[in-house]
Amino acid sequence: MTRALTLSVFACAACASAERTGTDVIPPNDGAVELGAEEFGFRVVPANQREPSGALRVLPQDFGPFDAEDLGPDKNLDLSSPVAVTGVVTGDSVTPYAARAGLPTESAPVVGHVEVADREGNVRFTVPTSAEGEFLVDVLPGVWEARVVPDAGSLAPDWVPFTAGDDPIRRDFFLEPKQALYGQVRVAGRPYPGADVFAVDLEGHTSGTARTDDSGRYELRVPSGTWEVTTTGVATETDPTLRAEPAVVTSQRGASVDLDYPMLSRVVADLQVTASDGSPVGSIPVRFTATSLDGYGPAEFVAEDTISGGQVVLPLLPGTYDIEIAPAEGNLRGWAATGVRVQQGVNLDSVSLEPLLPLSGHVLDSEGDALAGARVTCEEIGFAGRSWSTFADTSGQVSLALSAAASCAAVPPAERSDLAMTRATLDLTATSTWNPRLRLGIPIGGRVTIEGEPEPFAIIEVRDATGLIVGQGLSDPDGNYALALPPD
Amino acid sequence: MDLPPEILVPDVAPGTTILYPFVSSVERIIVVAVDPEGESLAFVWQVPAGIDAEIPPPVELEGGITSSEIVLPADPALDDTTLALSIFDPGGNDADIYWDLVIP
């Protein structure tokens, strides 16, 4: 096998995310197992997750936590088949006649979606209901909570815990109006029609969404509990998100919650952006995140756009912003500033983006010899999280151009599964050299199976308590895998 | 003669478009390929602009079998878009695969 010094990414101006690689930290909300300081977690990601028909075959699955002494060459990993959860969601259909006369209402299918959350409340699966109110969601065996969120706010959401075992599960829901959560959305004291309003309780359950009428009024229906009412305004691109103080709703009475925008007058923010050679840049995302808005209390507002022809022009509410320019590709570094004032008559300073910085070095094995074919991958810290990857040549040499701060990993070639990967966080403004030395690792291996049958081509990731990947392997056609963990 | 990369997973011919409805809040799509000459492969994913995708480094087996993965959130902006992957060998031969994404 030949391995030249080959960038893993080819030049491709239209490839929006071609250079965006790397994911070492367990992303939030993915239900990863919690790990102690001396523990490891395994995640198995099968390549063949779908049947040829498109139907789900298997899901990525976590194993652990494992103590270091539990790990060895016979760490077999048996995946479970997904469990189908089906049901129908119906609800009260309140007709004008029935509502006025106090007559029984009819039941009708509910349009919305069903979420499945783990024990920590992280939503792992979401499926819509059909026009008939039917849903089907596949989950892993375990303890879950099914949550029904109607599109409209006129019916209350509902939820129920369940345990998925080996057999399919049926759960039907009937949504009722329950209690009212109502109020008005205003701008400078005047009604604000067309604003979207929803509520979230302390456990993360979400109501349907109501839209304010011509009088700026809305009404949501929710079960008893403590609910935080939120409006995203008429458009999230232009209006801040406002959250009211939590309101208590009991079985006896609802609650009234008003939301007030002090004002929505905007000023024009004009930002000029060039490369360090003075040429205008384009196709680079820029984000303005408000840290405070003039006249507002707590509010959330993020405006995003793309630099074109060296300029970005955005209508923004006056206030103080953090600005981030985060190239998704190309040879320029990102740029960020905090506490930037945006107000009438104040121009923003122009920005010059610096080029990427060089990194070079040699990858060595445990004996200090050149390790040809090792892969070096460096991930940008912050900004767009770009990463860059290359192979060591026959002399072990690598060369990359990176952002100012990067998290780098050197991974042994497939034929050296006795070596452990090694990592470093690099400040490229202080150094331009990295010579990683890969040590002999603790051998880990076993077989990946699904319901006892070998599972070829599954990625096995081993993470430590910080969420970093410390070992990685791929099961062979017989389901066997081998990798090495760092000795310490 | 330098042969183009062979796609092992999914089990489709190069140039195929796969209908891909999301079932999880985060989907991890994996492709496994091998170069008939055993040379290293480069994977170039093309994601619709503005999508916060993650592409972990490829994982390799002896013999040149390499897997590449993309991690995609169930972002409504992905609905009815096409994800593309081109797999290149050092000689510039390539094999492409496409996914028509469906966000429920």
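Everything discussed here concerns the structure shown above.
Let me begin by describing the structure that accompanies this report. Note that the coordinates shown come from a computational prediction; the quantities given were computed from them, not determined experimentally.

Thoughts on the overall build of chain A
And step 1. Assigned secondary structure in chain A consists of 1 helix and 40 strands.
And step 2. Out of the 488 residues belonging to chain A, those deemed buried represent 48%.
And step 3. Total accessible area on chain A is roughly 21900 Å²; 50% of this is exposed by carbon and sulfur atoms.

Comments concerning the overall build of chain B
And step 1. When helices and strands are tallied, chain B shows 0 helices and 8 strands.
And step 2. Across its three principal directions, the C-alpha atoms of chain B cover 45 × 25 × 25 Å.
And step 3. The 104 residues of chain B split such that 59% are buried.
And step 4. Look at the contacts in chain B between residues 6 or more apart in sequence, and 68% of them connect residues 24 or more apart.
And step 5. A total accessible area of about 3900 Å² is found for chain B, and carbon and sulfur atoms account for 53% of it.

A look at the sheet that holds strand β26 (residues 311–316) of chain A
Residues and elements named next belong to chain A.
And step 1. Strand order in the open sheet formed by 3 strands is β26-β23-β29, with mixed pairing between adjacent strands. Each having just a single partner strand, β26 and β29 (351–353) make up the two edges of the open sheet. In this sheet, adjacent strand axes meet at a mean angle of 25° when their direction is disregarded.
And step 2. Note: strand β23 (residues 267–275) against β26, 6 bridges, orientation antiparallel. Bridge pairing in β26 links Leu271 to Val312.

Quick word on the pairing of strand β8 (residues 94–102) of chain B
Residues and elements named next belong to chain B.
And step 1. Residues Ala95, Ile97, Trp99 and Leu101 line the buried face of β8, whereas the alternating positions Asp94, Asp96, Tyr98, Asp100 and Val102 sit on a face that is not buried.
And step 2. Note: strand β2 (residues 17–21) against β8, 5 bridges, orientation parallel. The partner of Thr17 across the bridge, within β8, is Tyr98.
And step 3. As judged from the 7 bridges shared by strand β7 (residues 82–88) and β8, these two strands associate in the antiparallel manner. Counterpart to Leu83 in the pairing with β8 is Trp99.
And step 4. Hairpin remark: β7 followed by β8, antiparallel, with 5 residues in the connecting loop; positive phi at Gly92, about 90°.

So, the environment of Trp144(A)
All names here are of chain A.
And step 1. Residue placement: Trp144 occurs in strand β9 (residues 142–150).
And step 2. Relative accessible area serves as the criterion here: at 7%, Trp144 is assigned to the buried category.
And step 3. Taking the C-alpha atoms as reference points, Trp144 and Arg170, 26 residues apart in sequence, are found 14 Å from one another.
And step 4. Filtering out sequence-adjacent residues up to four positions away, Trp144 remains in contact with Val116, Ala117, Asp118, Arg124, Phe125, Val139, Val160, Pro161, Phe162 and Ala164.
And step 5. In terms of polar contacts, Trp144 uses its side chain to reach the backbone carbonyl oxygen of Leu140, at 2.7 Å.

A closer look at the side chain of Glu145(A)
Residues and elements named next belong to chain A.
And step 1. Mapped onto the fold, Glu145 is located in strand β9.
And step 2. There is a polar contact of 2.8 Å between the side chain of Glu145 and the side chain of Arg147.
And step 3. Not counting chain neighbours up to four residues away, the residues in contact with Glu145 comprise Glu115, Val116, Ala117, Trp159, Val160, Pro161, Phe162 and His205.

Focus on the pattern of salt bridges
All names here are of chain A.
And step 1. A complete count under the given rule lists 21 salt bridges over all chains for this structure.
And step 2. The shortest N-O distance in the salt bridge between Glu455 and Arg57 comes to 2.7 Å. Of the two residues, Glu455 is situated in the loop between β37 (453–454) and β38 (458–463) and Arg57 in the loop between β1 (39–46) and β2 (61–67); the sequence distance between them amounts to 398 residues.
And step 3. By relative accessible area, Glu455 is classed as buried at 1%.
And step 4. Given a relative accessible area of 25%, Arg57 falls into the partly exposed group.
And step 5. For Arg341, the salt bridge identified is with Asp294, shortest N-O distance 2.9 Å.

Points about the sheet that holds strand β35 (residues 422–427) of chain A
Residues and elements named next belong to chain A.
And step 1. Read across the open sheet, the 4 strands follow the order β32-β31-β34-β35; overall the sheet is antiparallel. Each of the sheet's edge strands pairs with one partner strand only, and the pair in question is β32 (387–391) and β35. When the angles between neighbouring strand axes are averaged without regard to direction, this sheet yields 20°.
And step 2. By the bridge criterion, 6 bridges tie strand β34 (residues 405–411) to β35 in an arrangement that is antiparallel. If you follow Ala405 over to β35, its bridge partner there is Asp427.

The rules behind these values
Residues numbered from 1 in each chain as written. Chains lettered and ligands numbered in written order. Predicted model: local features only at pLDDT ≥ 70, side-chain atom pairs only at ≥ 80, totals over all residues. Heavy atoms only, no water. Helix = DSSP H or I, 4+ residues; strand = E, 2+ residues; numbered from the N terminus. Buried < 20%, exposed > 50% of the residue type's maximum accessible area, 1.4 Å probe, protein only. Areas by Shrake-Rupley, 256 points an atom, 1.4 Å probe, with all protein chains shown as cover. Contact = heavy atoms within 4.5 Å. Pairing = 2+ DSSP bridges. Axes fitted to C-alpha atoms, helices over the stretch in contact; angles between N-to-C directions. Polar contact = N/O pair within 3.5 Å; in protein donor to acceptor, adjacent residues only side chain to side chain. Salt bridge = Lys/Arg side-chain N within 4 Å of Asp/Glu carboxyl O.

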